[in-house]
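What follows is the residue order along each chain.
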Amino acid sequence: VKLNIRKGRLGKSMTDDAAEFTSSLEFDKYLFEADIKCNFAHTLMLKEEKIIDEKIADKILGALIQLEEEGYESLEFDHSVEDIHMAVENYVTDLIGSDAGFMHTAKSRNDQVATDIRLALRKKVLELEKAILEFIKELLDLASEHTETIFVGYTHLQHAQPLTFGHHLMAYAQSLKRDYQRLKDTYKRINLNPLGSAAMATTTFPINRELTTKLLGFDEYLENSMDGVSARDFIGETVFDLSMLSSNLSKMAEEMILWSSYEFRLVEIGDDFSSTSSIMPQKKNPDVAEIARAKSTIASGELFTILSILKAIPFTYNRDLQEITPHLWNAYENTYDVLKIMTSMISSIKFNKERALYLANRNFATATDLADLIVKEKSIPFRIAHKIVGRVVSEAIGGDVDIKDIDTEFIDKIAEELDIDNLGLDDDLIQNALDPVLNVKLRKVPGGPAPEMVKIAIKHLNDFISDE
Ligand code: ARG
């Protein structure tokens, strides 16, 4: 006999529509393996503690092993089946008869689902962590090729100061390192055992929570049964981590899109990550990066939904909780997909060094260093030097003067207008300050773009990865 859990208390089954409306089966496939594990550990514990008959326990355990081998497809889902937990119990019942019902002693679907989600999620989080490290590795390799590649950095999307492309890639890598660490930290709060909370108030059976905790590989059990069945903060936290990771990935996608435009021409994305137009034959479009940028939004949308569901439900289990899980999986799958495709897309890029150097030599990205030179050579306060150089730049732009033609005479004329007596800077020093290549080499403060510092940063991150 398959169990229809509604027949005891209720005179009628749900209408088909209501059953479908409340079913979690569509997303419960994520919980299949975890549900078997959870039942297995619980039954083993019931056996060890002599709460249920040893032979019956063995039959249940055997049936669970068989189900694991046969896989999800062997489950039957008809209208009487509300969720994966019922489907699994029905499967065991089909095999061994009504003794299967002993499996549910001292357990509720409330603690079971909470346990299942944690088991399934921790596996997913580990996969994601691994994928992040692979992306970082890819970025480190690429950055090593570009420690000397001059490139102009932007603030407000305006030329700011010269750096190297390697330094920029390392900025990506550092953000991913934190995304990785954040997930690792969250893992500590995922890996806690709610099993034994039962419906919300534990049980009078002498269950052994230490044992199920150990069997399921949890770090410890949750010490309040009400909290055990209702806590979903670990989901909110994970989805925040996914949102932050997505946001970082999205910025990278955006830069690839921008830099591969004709106007920038800094990056050429691999043809195998681009598409063309059905009408404009010349087109090479960064569609993969665009889809990645759009899909990067999903996690934060899901986060908002999850937090909104969570905030208004009273303790303890409410069916609303079931509606949280699909959003978790959707956030996860999309983020994981974006991460994987970004890893391969970024490794397909060719960076246009000549173009980057050309741009770094235009538009006065080295002006800060000319101001610094005045401070260093003439002991003039930086604010005044800043003003002199600001005027130098605007005069040069107005008079169409090339950066190469800025000399001491040009600067002194402007300084004089600002009532500063002739500075008499050395022409070579001026040109050195304005040279993006030298300029970058001199920024050898820790965390700076000088090739030697970027190499150190690459080494540190490589060491970090090897230790993980
Ligand atoms: N499908 C349910 C969920 O995902 C399992 C727990 C059902 N519990 C209950 N009391 N109806 O939350």
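What you see is a predicted model, and the numbers here were worked out from it, not measured in a lab. (Residues numbered from 1 in each chain as written. Predicted model: local features only at pLDDT ≥ 70, side-chain atom pairs only at ≥ 80, totals over all residues.)

J.: Which parts of the structure should I look at to understand the overall build of the protein chain?
T.: Counting its secondary structure elements, the protein chain contains 20 helices and 6 strands. Taken against the 2.2 N^0.38 rule, which gives 23 Å for 468 residues, the C-alpha radius of gyration of the protein chain at 31 Å runs more than 25% over that of a compact globule. Looking at the 468 residues of the protein chain, the share that counts as buried comes to 40%. (Helix = DSSP H or I, 4+ residues; strand = E, 2+ residues; numbered from the N terminus. Rg over C-alpha atoms; globule rule 2.2 N^0.38 Å. Buried ≥ 20, exposed ≤ 12 C-beta atoms within 10 Å, placed from the backbone.)

J.: Help me understand the nonpolar core, please; the structure alone is not making it clear to me.
T.: Nonpolar side chains in soluble globular proteins tend to end up buried together. If you look at the biggest cluster of nonpolar residues, it comprises 104 residues, and the most contacted ones within it are Ala173 and Met342. It is helix H6 (residues 109-145) that provides the largest number of residues to this core, a total of 13 residues. In contact with Ala173, other than residues within four places in its own chain, are Ile136, Leu139, Leu140, Ala143 and Leu461. Counting residues in each nonpolar core, the second largest holds 16 residues, with Leu373, Val392, Ala433 and Leu434 among its members. (Core = buried A, V, L, I, M, F, W, Y, C linked by C-beta atoms within 7 Å. Contact = placed C-beta atoms within 7 Å.)

J.: Hey, could you run me through the UniProt feature "domain: Argininosuccinate lyase C-terminal" (unreviewed entry) in the protein chain in this one?
T.: Under the UniProt annotation, "domain: Argininosuccinate lyase C-terminal" (unreviewed entry) lies at residues 364-419. Spanning residues 364-419, this segment combines 70% helix with 0% strand, and its end C-alpha atoms are found 24 Å apart. (UniProt positions renumbered as here; feature names shortened; annotations may be inferred.)

J.: Sorry, what's going on with the domain arrangement of the protein chain here?
T.: Bring the parts together and some accessible area is lost; that lost area is often taken as the interface size. Each domain of the protein chain was delimited in the assignment, giving domain 1 (16-105), domain 2 (112-151 + 163-204 + 219-356) and domain 3 (359-467). Computed over C-alpha atoms only, the centres of domain 1 and domain 3 are separated by 70 Å. (Domains from an automatic or database assignment.)

J.: Please explain the site of the ligand as it appears in this structure.
T.: Neighbouring residues of the ligand: Ser24, Asp83, Arg109, Asn110, Val113, Tyr317, Arg319, Leu321 and Gln322. Looking at side-chain class alone, the shell around the ligand contains 3 nonpolar, 3 polar and 3 charged residues. (Near = placed C-beta within 6 Å. Nonpolar A, V, L, I, M, F, W, Y, C, P; charged D, E, K, R; others polar.)

J.: Is there a simple way to think about the confidence of the model for the protein chain in this case?
T.: A low pLDDT means the predicted coordinates there should not be read in detail. Looking at the protein chain, pLDDT values average 95 and 98% of them are 70 or higher. Overall fold confidence (pTM) sits at 0.94, and the ipTM for the predicted complex is 0.96. (pLDDT = per-residue confidence, 0-100.)

J.: Can you walk me through helix H4 (residues 54-70) in this structure?
T.: Along an α-helix, residues three or four positions apart point the same way, because every turn accommodates 3.6 residues. End to end, H4 covers 24 Å across 17 residues, agreeing with the expected 24 Å (1.5 Å per residue, within 8%). Listed as buried for H4 are Ala57, Lys59, Ile60, Ala63, Leu64 and Leu67. Along H4, the residues classed as buried sweep out an arc of 160 degrees about the axis, all on the same side. Opposite the buried face of H4, at more than 90 degrees from it, the exposed residues are Glu54, Lys55, Ile65 and Glu69. The elements touched by buried residues of H4 are helix H3 (32-48) and helix H5 (84-96). Directly beyond the C-terminal end of H4, a positive phi value near 90 degrees is found at Gly71. (Expected span 1.5 Å × (residues − 1). Arc of directions from axis to C-beta.)

J.: I would appreciate a short explanation of the pairing of strand S2 (residues 158-164) in the present structure.
T.: Here strand S1 (residues 150-155) runs beside S2; their pairing, made up of 6 bridges, is antiparallel. From the neighbouring strand, Gly153 faces S2, where its bridge partner is Gln161. Where S1 hands over to S2, the hairpin turn is made up of 2 residues, of which His156 adopts a positive phi near 55 degrees. (Pairing = 2+ DSSP bridges.)

J.: Explain the packing of helix H7 (residues 165-190) against helix H20 (residues 451-467) here, please?
T.: How two helices sit against one another is set out by the angle between their axes and by the gap between those axes. The N-to-C vectors of H7 and H20 enclose an angle of 30 degrees; their axes lie 10 Å apart at closest approach. It follows that H7 is roughly parallel to H20 by the angle criterion. Relative to H20, H7 is oriented so that their crossing is left-handed. Packed against H7, whose contacting residues are Gly166, His167, Met170, Ala173 and Lys177, the element H20 presents Val454, Ala457, Ile458, Leu461 and Phe464 at the interface. Of the residues that constitute the contact of H7 with H20, the class distribution is 7 nonpolar, 2 polar and 1 charged. (Axes fitted to C-alpha atoms, helices over the stretch in contact; angles between N-to-C directions. Parallel < 35°, antiparallel > 145°, perpendicular 65-115°, else oblique. Left-handed = near helix turned anticlockwise from the far one by under 90°.)

J.: For this particular structure, what's the right way to read helix H11 (residues 287-295)?
T.: Listed as buried for H11 are Val288, Ala289, Ala292 and Arg293. Buried residues in H11, looked at end-on, bunch into an arc of 135 degrees, giving them a common side. Close packing links the buried residues of H11 with helix H10 (233-259) and helix H13 (324-347).

J.: Please clarify how the environment of Lys404 should be interpreted in this entry.
T.: Assignment of secondary structure puts Lys404 in the loop between helix H16 (382-398) and helix H17 (408-417). Spatially, the C-alpha atom of Lys404 lies 9.9 Å from that of Arg362, the residues being 42 residues apart in sequence.

J.: Hey, could you run me through unusual backbone geometry in this one?
T.: What you tend to see is this: most non-glycine residues have negative phi, and most peptide bonds are trans. Going from Phe315 to Thr316, the amide bond is cis rather than trans, its omega being 0 degrees. Mapped onto the elements of the fold, Thr316 is located in the loop between helix H12 (298-311) and H13. If you check the backbone angles, Phe364 has positive phi at about 60 degrees while not being a glycine. Within the fold, Phe364 resides in the loop between helix H14 (353-360) and helix H15 (367-378). Since 19 C-beta atoms lie within 10 Å of it, Phe364 is described here as partly exposed. Its identity is not glycine, yet Ser379 carries a phi of approximately 50 degrees, on the positive side. Relative to the elements of secondary structure, Ser379 occurs in the loop between H15 and H16. Residue Ser379 is classed as exposed on the basis of its 7 C-beta neighbours within 10 Å.

J.: In this structure, what is going on with the environment of Leu245? I would like to understand it.
T.: By secondary structure assignment, the location of Leu245 is in helix H10. Distance from Leu245 to Leu75, taken between C-alpha atoms, is 36 Å for residues 170 residues apart in sequence. The contact partners of Leu245, leaving out residues within four places of it in the chain, are Asp179 and Thr335.

J.: It is not clear to me how the packing of H6 against H7 should be interpreted in this structure. Could you clarify?
T.: Across the interface, H6 lies against H7 with an axial gap of 9 Å and an inter-helix angle of 165 degrees. Classified by the angle between their axes, H6 and H7 sit roughly antiparallel to one another. Read as a crossing pair, H6 and H7 show a hand that is left-handed.

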